[in-house]
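Structural features, examined
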Number of protein chains: 2
Amino acid sequence: MKRFVLLLSAIVVAGTGQPKPESDAPQYTSDGELIRPTNYREWVYLSSGLGMTYGPAAAQNTTREPAFDNVFVTRAAYRHFLETGAWPDKTMFALEIRASRSHGSINNGGHYQTDLLGVEVEVKDESRPAKWAFYGFGKSAPAAKQIPTTATCYTCHPAQGAVDNTFVQFYPELLEVARRKGTLTAAYLASEGK
Amino acid sequence: MKRFVLLLSAIVVAGTGQPKPESDAPQYTSDGELIRPTNYREWVYLSSGLGMTYGPAAAQNTTREPAFDNVFVTRAAYRHFLETGAWPDKTMFALEIRASRSHGSINNGGHYQTDLLGVEVEVKDESRPAKWAFYGFGKSAPAAKQIPTTATCYTCHPAQGAVDNTFVQFYPELLEVARRKGTLTAAYLASEGK
């Protein structure tokens, strides 16, 4: 049945004349580098911050203005999370860093987003010891080696992420889903009372 | 052929067990109110601002911290824009306003997003004299009357939007598309040199 559904999907895509959607699953080069997901802006948006300290990508902002971070997750993983409060194997997150400006066009206050500064991707892979792997693509790298497991992301995410290595506490709609489904970590629940 | 494609789409959706996707087209009550699009967070994300003054929704922020605005557009309209640099009839934009916080969990600086403050929707409707109509849903209204055409959105958007009533100058990826496709307004192009 699954094969049949996939065939029908292919027909629908061909019939509508839409661009062929890229797979939601991580794709690797022959030497194990993650191929940059070029369609991450069509994944589901989770939230943004401005000037947050959120992983090594924050250091890529060399402009004076604070940087925005925009977080996206693969569509199938998002649907799975709405139903279960948990991330399935092969979930991918993209963290996009953008420069900000205050003055431009009709805007004279606050901040809006401008140039891309970098993209980082987090992949859930249950075949690996740490379950999650991180990759940094900068502005344009077509593929990236895994960030070494000595980096702080591999200790901070599992310790501080409200759900399974991910900062669901900063994604307001998903935080409520996780609360209803009972998937918030004990550490996060303990920290809420403080 | 179009009917055939639609039938196949329905089969695929049924076969995968995914929730039935809501239509991308605006839906109205019998007395002409726009029905709140409850799935707008699964549309394509365009950009966010913090503390920008962008339409009457900005006034809904009664907290001390500046508000974020997140902008989404219907998926079919997004694909059309990538191909043409223009918005098709029935395009819908959602502007979501969220409160911000600086201190919470591991975050001690900058701003991240918290509670929903309101949602506004802009619809392209070529059957109406002004071509575009605006609706304000607040936090939870299931439907909304059109915002009266005396509101400033009806004069500011066509005068200041870089492409056809929309603030493409604040959506960095689409701004480059519009430049390549030659769909930026003459007024916007003139303002760039200043």
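Chains are numbered independently. Their residues run from 1 in the order of the written sequence. The lettering of chains begins at A and the numbering of ligands begins at 1, in the order of writing. The predicted nature of this model means local features are confined to residues of pLDDT at least 70 and side-chain atom pairs, given and counted, to a pLDDT of 80 or more, with totals for whole chains, interfaces and linings taken over all residues. In computing side-chain properties, one takes all heavy atoms of the structure into account and sets aside hydrogens as well as water.

Considering the packing of helix α2 (residues 75-84) of chain B against helix α4 (residues 172-181) of chain B
All names here are of chain B. Axis lines are fitted through C-alpha atoms, for helices just across the contact stretch, and the angle between N-to-C directions can take any value from 0 to 180 degrees. Every helix listed is a DSSP run of H or I at least four residues long, and every strand listed is a run of E at least two residues long, numbered separately from the N terminus. For the pair α2 and α4, the least separation of the axes is 8 Å and the interaxial angle reads 45°. By the angle between their axes, α2 is oblique relative to α4. Contact residues: α2 offers Tyr-78, Phe-81, Leu-82, Glu-83 and Thr-84, while α4 offers Leu-174, Val-177, Ala-178 and Lys-181. Throughout this entry, Asp, Glu, Lys and Arg are counted as charged residues, while Ala, Val, Leu, Ile, Met, Phe, Trp, Tyr, Cys and Pro are counted as nonpolar. The remaining residues, Gly among them, count as polar. Taken together, the residues of the contact of α2 with α4 sort by class into six nonpolar, one polar and two charged. Roughly parallel here means an angle under 35 degrees, roughly antiparallel means over 145, roughly perpendicular means 65 to 115, and every remaining angle is called oblique. Note on contacts: a residue pair is in contact if any heavy atoms of the two residues lie within 4.5 Å.

Topic: the layout of surface pockets
Estimated volume of the second largest pocket: approximately 490 Å³. Here a cavity means grid points, on a 1 Å grid over the protein atoms only, where a 1.4 Å probe fits yet cannot get out; a pocket means an open set of points with protein on both sides within 12 Å along at least five of seven lines; lining residues are those with an atom within 4 Å of a point. If you go around the second largest pocket, you meet 21 residues; those closest to its centre are A:Gln169, A:Leu175, A:Tyr188, A:Glu192 and B:Tyr112. Where the lining of the second largest pocket is concerned, the elements lending two or more residues are α3 (153-160), α4 (172-181) and α5 (186-192) of chain A together with β5 (111-124) of chain B. Grid points are joined across faces, edges and corners, and a volume is the space filled by probe spheres set on the points.

Brief notes about the packing of aromatic side chains
Residues and elements named next belong to chain B. In this analysis, rings of Phe, Tyr and Trp, with Trp reduced to its six-membered ring, are considered paired at centre separations within 6.5 Å, and the interplanar angle assigns stacked below 30 degrees, edge-to-face beyond 60, and tilted for intermediate values. For the coordinates displayed, the defined rule picks out 21 aromatic pairs over all chains. Plain terms: the ring middles of Tyr-45 and Phe-72 are 6.0 Å apart, the flat faces sit at 65° to each other, and that makes the pair edge-to-face. Of this pair, Tyr-45 sits in strand β2 (residues 44-50) while Phe-72 sits in strand β3 (residues 68-73); the two residues are 27 residues apart in sequence, bridging distant segments of the chain. A residue is classified by how much of its surface remains accessible, and Phe-72, at 0% relative accessible area, is buried. Plain terms: the ring middles of Phe-93 and Trp-132 are 6.3 Å apart, the flat faces sit at 55° to each other, and that makes the pair tilted. Taken together, the residues Phe-93 in strand β4 (residues 92-101) and Trp-132 in strand β6 (residues 132-138) connect sequence positions 39 residues apart. Comparing Phe-93 with Trp-132, the two get one shared label, buried. Using a 1.4 Å probe on the protein chains alone, a residue whose accessible area is under 20% of its type maximum counts as buried, one over 50% counts as exposed, and one in between counts as partly exposed.

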